[in-house]
Amino acid sequence: MEPTRPSSKKLLGRLRDILRTQHYSLRTEQAYVEWAKRYILFHHKRHPKDMGVPEVEAFLTYLALERHVAASTQNQALSALLFLYREVLQQPLASVDAVRARQPHRLPTVLTKSEAARVLSAMSGTSQLMAKLLYGSGLRILECLRLRVKDIDFEQRCIIIRDGKGEKDRVTMLPDSLVAPLREHLMRVKQLHEKDLAEGYGTVHLPYALDVKYPHANQEWDWQYVFPARTRSVDPRSGAQQRHHVTESSLQKAVRAAARLAGITDKPVSCHTFRHSFATHLLESGYDIRTVQELLGHKDVK
């Protein structure tokens, strides 16, 4: 009698467990599980262990030709399936040769110094402070949102970016003009944290299972997010009620609204536009391109 084949639900659960064991982010976990699910459904619920390179190539080609996905989206799907076969099924795939989505070649949008000032002036409160960090320190949006109190060094006037893109740490500048506003902001955040503690909460998600190694670290002030959400929420992994950082969408909406108020309609303005502008304005001010590369955390100087 043929043994019962593992269900896709069980397989996806194993995929999720291995991703967590290897300390992948929640976002990556969700994306990889979703791509595995879509791959299985595309092939009419066949189990991945009964498929291989031809089926993976067919799925990736479908994404490029039928779904017209971006090259980065197709690459993410490929990475998810390679991980599934290598880490979960223990069946590493050989070379995958699918029709690849076209990689667009676009010049980055850059604001002039006066345009950047107008957009920032059209913002207020915490959103304005975050946008000023994007522009003044060259942060990616998630790097800004995931900042912890301990990552800001007021004495050295620098910000430590931990686990940036490619899981790399780096140091970037903290403009003098943001020292006082950040200190005032953190005073309010500390009051919020103390209120959470008094109500029996006050914990925060820690990376790499540090809450197991250091049981009380998730309540310590230094580990709290610099930009916490207004309300507490339930951590989807631990089930604990904690205070996460603010969402990407809230800052993105605030930046787009400010660009409209500033009358900038001839170019698309996003959070990442501030990072491009940071790099361009440093180069215009005479900074060495290698220094700018290090501040941005780019592997390639191009």
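Bear in mind that the values here come from a model prediction, so they are computed numbers and not experimental data.

Trainee: Now, about the side chain of Gln 224: what can you tell me, with residues and values included?
Mentor: By the secondary structure assignment, Gln 224 is in the loop between α9 (210-213) and β4 (233-234). Using a relative accessible area of 7% as the deciding quantity, one classes Gln 224 as buried. Here the side chain of Gln 224 touches Glu 220 through a polar contact of 3.0 Å, landing on its backbone oxygen. Look past the residues within four positions of Gln 224 in its chain and what remains in contact with it is Leu 147, Arg 148, Val 149, His 193, Gly 202, Val 204, Asn 218 and Gln 219.

Trainee: Help me get a handle on the packing of helix α5 (residues 113-121) against helix α11 (residues 271-284), residues and values and all.
Mentor: The relative placement of two packed helices comes down to the angle between their axes together with the axis-to-axis distance. The geometry of α5 relative to α11 is characterised by a closest axis approach of 11 Å and an angle of 140 degrees between their N-to-C directions. As the angle between them shows, α5 and α11 are arranged oblique. The interaxial crossing formed by α5 with α11 has left-handed handedness. Every residue of α11 that contacts α5 at Lys 113, Ala 116, Val 119 and Leu 120 is listed here: Phe 274, His 281 and Glu 284.

Trainee: Tell me about the side chain of His 185, and name the residues and values.
Mentor: In this structure, His 185 sits in helix α8 (residues 179-198). For His 185, a relative accessible area of 5% corresponds to the buried category.

Trainee: Tell me about the packing of aromatic side chains, residues and numbers included.
Mentor: As enumerated under the stated definition, the model contains 10 aromatic pairs in all. Between Tyr 39 and Phe 59, the ring centres sit 5.7 Å apart and the planes meet at 65 degrees, which makes this aromatic pair edge-to-face. Taken together, the positions of Tyr 39 in helix α2 (residues 26-42) and Phe 59 in helix α3 (residues 53-65) put the pair 20 residues apart, joining distant regions of the chain. A residue is classified by how much of its surface remains accessible, and Tyr 39, at 0% relative accessible area, is buried.

Trainee: Could you give me a rundown of the state of the cysteines, with the residues and numbers involved?
Mentor: Counting across every chain of the model gives zero disulfides. No disulfide involves Cys 158; its nearest neighbouring cysteine sulfur is the one of Cys 144, lying 16 Å away.

Trainee: I'd love a proper account of helix α6 (residues 125-137), names of residues and values included.
Mentor: Taking 1.5 Å of rise per residue, 13 residues should cover 18 Å, and α6 covers 18 Å from first to last C-alpha, within 8% of that figure. Taken as a whole, α6 has its buried residues at Gln 128, Leu 129, Met 130, Ala 131, Leu 133, Leu 134, Tyr 135, Gly 136 and Ser 137. Downstream of α6 by a residue or two, Gly 138 has a phi angle that is positive, lying close to 70 degrees.

Trainee: Lay out α11 with the relevant residues and their values.
Mentor: Turn by turn, an α-helix covers 3.6 residues, leaving residues three or four places apart pointing in a common direction. When the terminal C-alpha atoms of α11 are compared, their 21 Å separation across 14 residues agrees well with the 20 Å that a helix rising 1.5 Å per residue should span. By the burial criterion, the buried members of α11 are Cys 271, Thr 273, Phe 274, Arg 275, Ser 277, Phe 278, Ala 279, His 281 and Leu 282. Looking at the buried residues of α11, the elements they touch are α5, α6, α7 (141-145), β3 (170-173), α10 (248-261) and α12 (289-296). Positive backbone phi, approximately 100 degrees, marks Gly 286, located one or two places after α11.

Trainee: So, the confidence of the model for the protein: which residues are in play, and what are the values?
Mentor: With 92% of its residues at a pLDDT of at least 70, the protein reaches an overall mean of 89. Looking over the protein, one finds the lowest element-wise mean pLDDT in α9, namely 67, and the highest in α8, namely 97. For residues 1-6, every residue scores under 50 in pLDDT, and the model assigns this stretch five contacts once sequence neighbours within four places are set aside.

Trainee: Explain the pattern of salt bridges to me, and be specific about the residues and the numbers.
Mentor: Per the counting criterion, the structure on display carries 17 salt bridges. Glu 115 serves as the salt-bridge partner of Lys 267, at 3.0 Å between the closest nitrogen and oxygen. In this pair, Lys 267 is assigned in the loop between α10 and α11 and Glu 115 in helix α5, connecting sequence segments 152 residues apart. There is no split in this pair, since Lys 267 and Glu 115 are both buried. As a salt-bridge pair, Arg 170 and Glu 143 come within 2.9 Å of each other at their nearest N and O atoms. Note that Arg 170 is positioned in strand β3 and Glu 143 in helix α7, a separation of 27 residues in sequence. The two residues Arg 170 and Glu 143 agree in class, both being buried.

Conventions used here
Residues numbered from 1 in each chain as written. Predicted model: local features only at pLDDT ≥ 70, side-chain atom pairs only at ≥ 80, totals over all residues. Heavy atoms only, no water. Helix = DSSP H or I, 4+ residues; strand = E, 2+ residues; numbered from the N terminus. Buried < 20%, exposed > 50% of the residue type's maximum accessible area, 1.4 Å probe, protein only. Polar contact = N/O pair within 3.5 Å; in protein donor to acceptor, adjacent residues only side chain to side chain. Contact = heavy atoms within 4.5 Å. Axes fitted to C-alpha atoms, helices over the stretch in contact; angles between N-to-C directions. Parallel < 35°, antiparallel > 145°, perpendicular 65-115°, else oblique. Left-handed = near helix turned anticlockwise from the far one by under 90°. Phe/Tyr/Trp six-rings, centres within 6.5 Å; stacked < 30°, edge-to-face > 60°. Disulfide = S-S within 2.5 Å. Expected span 1.5 Å × (residues − 1). pLDDT = per-residue confidence, 0-100. Salt bridge = Lys/Arg side-chain N within 4 Å of Asp/Glu carboxyl O.

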